[in-house]
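Below, each chain spelled out in residue letters.
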Amino acid sequence: MWAYIKDNKIEEIIRFPKTMVIDDVTHSRRIFTAWSWTELNNIGIYTVEDGTKGNDNFEYTSQPTYTYSASGKKVTTAYTTTDRALDDTEAKDESGNNILDEKGNKTYNYGLKTQAKEKAKQQANSLINRFNWLVERSIYDSSKSIPDAVKTYVAAIRTDCGEIETAIDGASDMTAFKALYQDIYNYNSDGEIVSVKTVARVNRWTDDYDVKSYTR
């Protein structure tokens, strides 16, 4: 990305190469790839360095703001981030009135905690549903029982889901909530990651090693 600077002010942010008319001279779009930075700077075109955006899973990110540095010969980009709501809030219209459903009940904007718990439930159901055929088989053929290993696994998944939801509810602030998504690593003497020590709480489910042969 580039910026056109005139009189030390940002005139235009250029996202894609295009024909430019500068001081009554028409320049082909090819200058953006063929010219050196010195040549581009001489006609007022400078590089734009991107800034750090927020994580869309946890934050809202503002539109970018750009700052030109004459000494640095570049334009820097900055963003403002705002945490998304952790808890549910009542849905309001522009006048501050509650938005009601077709039966007159309040509606809500679901916060990150509710969304995360719903995702945990969906994940648990997805893991358990692989064994539904065993339940159906036992209904139609009473001689076919559900293997104990599957029963143990399904119970463990339900426990996992409950513990994940409890951890989500227990997150007192955004820092604590984000921590639920962070793996803990083992490092070598050079500070490089060598393995995962603890899987993030929201992704930590009982393994299905003993029941893989029963999945469908």
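### With respect to the overall build of the protein
Scanning the protein from terminus to terminus reveals 6 helices and 13 strands. Relative to the globule expectation of 17 Å for 216 residues, the C-alpha radius of gyration of the protein, 28 Å, shows a markedly less compact shape. Overall size of the protein, expressed as C-alpha extent along the three principal axes, is 90 × 55 × 35 Å. Every one of the 216 residues in the protein was classed for burial, and the buried ones make up 27%. Pairs at least 24 apart in sequence give 48% of the contacts found in the protein among residues at least 6 apart. For the protein, the computed accessible surface area is about 14,700 Å², with 45% contributed by carbon and sulfur atoms. Placing the 28 positive and 33 negative side-chain charges of the protein at their respective mean positions leaves the two points 3 Å apart.

### What to know about the sheet that holds strand β1 (residues 2-6)
The strand order across the open sheet built from 5 strands is β2-β1-β5-β8-β7, with neighbouring strands paired in mixed fashion. Each having just a single partner strand, β2 (9-14) and β7 (65-69) make up the two edges of the open sheet. Between one strand axis and the next, the sheet turns by 35° as a mean value, whatever way the strands run. Direction of pairing for strand β5 (residues 45-49) relative to strand β8 (residues 74-78): parallel, over a ladder of 3 bridges. Bridge pairing in β8 links Thr-47 to Lys-74.

Conventions adopted
Residues numbered from 1 in each chain as written. Predicted model: local features only at pLDDT ≥ 70, side-chain atom pairs only at ≥ 80, totals over all residues. Heavy atoms only, no water. Helix = DSSP H or I, 4+ residues; strand = E, 2+ residues; numbered from the N terminus. Rg over C-alpha atoms; globule rule 2.2 N^0.38 Å. Buried < 20%, exposed > 50% of the residue type's maximum accessible area, 1.4 Å probe, protein only. Contact = heavy atoms within 4.5 Å. Areas by Shrake-Rupley, 256 points an atom, 1.4 Å probe, with all protein chains shown as cover. Lys, Arg positive; Asp, Glu negative; His and termini not counted. Charge placed at Lys NZ, Arg CZ, Asp CG, Glu CD. Pairing = 2+ DSSP bridges. Axes fitted to C-alpha atoms, helices over the stretch in contact; angles between N-to-C directions.

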